[in-house]
Amino acid sequence: MNDTQMSMKSEILDLIKKYCDTYHNKEKPFKEGERIPYASRVYDHEEMVNLVDSALEFWLTSGRYTDEFEKKLAEYLQVKYCSLVNSGSSANLNAFMALTSQLLGDRAIRRGDEVITVAAGFPTTVAPIIQYGAIPVFVDVTIPQYNIDTSKLEDALSEKTKAVMIAHTLGNPFDLTAVKEFCDKHNLWLVEDNCDALGSKYTIDGTEKFTGTIGDIGTSSFYPPHHMTMGEGGAVYTNNPLLHKIIRSFRDWGRDCVCPSGMDNLCKHRFDRQYGELPLGYDHKYVYSHFGYNLKATDMQAAIGVAQLKKFPYFVERRRENFERLLNGLQEVSDKLILPVPCENSNPSWFGFLLTCKNGVCRNKVVQYIEEHGVQTRMLFAGNLIKHPCFDEMRKSGNGYRVVGKLENTDRIMKDTFWVGVYPGMSDGKIDYMVKVIGKSIK
């Protein structure tokens, strides 16, 4: 880049900074009754400058910002390997499909094998299992933790079980000690869907670790409501070098080559090897070891993520503060609403504040009142996933999934549970107003 280009680029980026500071993030003092969303983006001129900087390069696909983001997220989480993808749903797809690789030998998941999970959650934790042809085995959850009931794990086990794939619900870690012991005992893979829990910590064997890094693979989402945003985006991370190689292959069309986009022959063996039944010397960049996808994110998304990562420790702390303020404020209605409880040995990075109506309290009436007074609410995603239309055919045929016992708490969550936000852009005034509105909805 010559001096003229550098000068022009600097001028453009200075203008972008000024534009953002002038026209974005000009939040007015909160007035009671104004809309409070359950989540929103929190950003400043750094994200916008990075975005335009990347656009001016016009590389578009994964590039230097992607490399920087993967490196810095891995450093933050204290894991060896991180792969950026285009969404949290793609991250779950990528993580699950990695476990079907023939490179894993007898431990590879095959069609008809079983994966233990829960129905009280988001569908894309389960969708890859079904779409591949494996069998999800649904276990009930506990209230008020809203995570898998670990006392049911042994009942869920069969000779076909190969993995456990579950999420940390709204930032609250599931009982990783019990789940990890179960997986280790039976030689099962553990996938932590960490999309709602980035920044949560759990103490296991005397060491505090980030959720998503204790199992074999962790996943994250960077959709706008989540803990940090790229607009769209996700990540898959692991400490296992073989799993990392497989994850990259499935993410990058299923190819065998590990050269990044735009780079050739890093291994110096591009044209001198023989693969499968291909002729000797067939171009390694076009050798495919898996039936993969293109799940990469753009460098513009990664550029936003690099700026968001700088703010991320503050985001986590603010979420915890907002959660505690809600928890303290809502104690007066704890006789009518079940308040959330963190998992033992955990320090959650809360995504939301879950509430379950006790007997005699109608969720629909409570939610309608809260919404009418400007506070946005959400259900716990699917509630009970197997009650949804996407399960109609399987439910009628009785094939394609298995249920352990009765999903009593899952059904209760479907009928009685909702949540409100704790995102870091919320002021104390907004939190206090939410406490007042929720309290009045009960009265």
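Check the entry above for the structure.
Numbers given to residues run from 1 along each chain, matching the order in which its sequence is written. Local features in this predicted model are restricted to residues whose pLDDT is 70 or higher, and side-chain atom pairs enter the listing and the counts only when it is 80 or higher, whereas totals over whole chains, interfaces and linings include all residues. The basis for every side-chain value is the complete set of non-hydrogen atoms in the structure, without hydrogens or water.

1. With respect to the side chain of Ser200
The helix and strand labels rest on DSSP assignments: H or I over at least four residues marks a helix, E over at least two residues marks a strand, and numbering proceeds from the N terminus. By the element assignment, Ser200 lies in the loop between β5 (189-193) and β6 (201-204). A relative accessible area of 0% places Ser200 in the buried class. Pairs of N or O atoms are called polar contacts if they sit within 3.5 Å, as long as, within protein, a hydrogen donor faces a hydrogen acceptor (for residues adjacent in sequence, only side-chain-to-side-chain pairs). At 2.7 Å, the side chain of Ser200 and the backbone nitrogen of Ser349 are in polar contact. For every residue, the accessible area obtained with a 1.4 Å probe (protein chains only) is divided by the maximum for its type, and the residue is called buried under 20%, exposed over 50%, and partly exposed between those limits.

2. Re the pairing of strand β4 (residues 161-167)
The two faces of the sheet receive side chains in turn, since in a regular strand these alternate between them. In terms of burial, β4 is largely enclosed, as six of its seven residues are buried. Any two strands between which DSSP finds at least two bridges are classified as paired. Across three bridges, strand β2 (residues 114-118) lies against β4 in parallel orientation. Within β4, the residue paired with Ile116 across the bridge is Val164. Bridge analysis of β4 against β5 gives five bridges, and the strand direction is parallel. Along β5, the bridge assignment pairs Val164 with Leu190. The handedness of the β4 to β5 crossover, carried by helix α7 (residues 176-185), is right-handed. When the strands point away from the viewer and the connection leading from the first strand across the helix to the second strand turns clockwise, the crossover is called right-handed.

3. Regarding the sheet that holds strand β12 (residues 352-357)
Pairing is antiparallel across the open sheet formed by three strands, whose spatial order is β10-β12-β14. Here the strands that pair on one side only, and so sit at the sheet edges, are β10 (337-338) and β14 (417-421). Across two bridges, β10 lies against β12 in antiparallel orientation. Bridging across to β12, Ile338 finds its partner in Thr356. Contact between two residues is taken to exist if any of their heavy atoms lie within 4.5 Å; hydrogens are not considered. For helices, the axis comes from a line fit to the C-alpha atoms of the stretch in contact; other axes are also lines fit to C-alpha atoms, and the angle between any two N-to-C directions lies between 0 and 180 degrees. Sheet strands in contact with helix α9 (residues 299-329) are β12 and β14, and its direction is about 25° off that of β12. Docked against the sheet, helix α10 (residues 363-372) engages β12 and β14, running at close to 20° with respect to β14.

4. Concerning the layout of surface pockets
Any residue with an atom within 4 Å of a point lines the site, the site being either a cavity, points on a 1 Å grid over the protein atoms alone where a 1.4 Å probe fits but cannot get out, or a pocket, an open set with protein on both sides within 12 Å along at least 5 of 7 lines. Grid points are joined across faces, edges and corners, and a volume is the space filled by probe spheres set on the points. Taken as a whole, the largest pocket encloses approximately 510 Å³ of empty space. Along its surface, the largest pocket is lined by 27 residues, and Arg248, Arg251, Cys259, Pro260 and Ser261 are the ones closest to its centre. Secondary-structure elements contributing two or more residues to the lining of the largest pocket are α3 (64-77) and α8 (241-251). Per-element accounting of the lining of the largest pocket gives the leading share, five residues, to α8. Ten residue types, Ala, Val, Leu, Ile, Met, Phe, Trp, Tyr, Cys and Pro, are classed as nonpolar, four, Asp, Glu, Lys and Arg, as charged, and the remainder, Gly among them, as polar. Of the residues in the lining of the largest pocket, the class split is seven nonpolar, eight polar and twelve charged.

5. Observations concerning the packing of α9 against helix α13 (residues 428-442)
Where α9 meets α13, the axes come as close as 9 Å, and the angle between the chain directions of the two elements is 30°. Classified by chirality, the crossing of α13 by α9 is right-handed. Counted together, Arg318, Asn322, Arg325, Leu326 and Gly329 of α9 and Asp428, Ile431, Asp432, Met434 and Val435 of α13 form the full contact between these two elements. Working rule for handedness: look at the near helix, and if it is turned counterclockwise from the far one by less than a right angle, call the crossing left-handed; if clockwise, right-handed.

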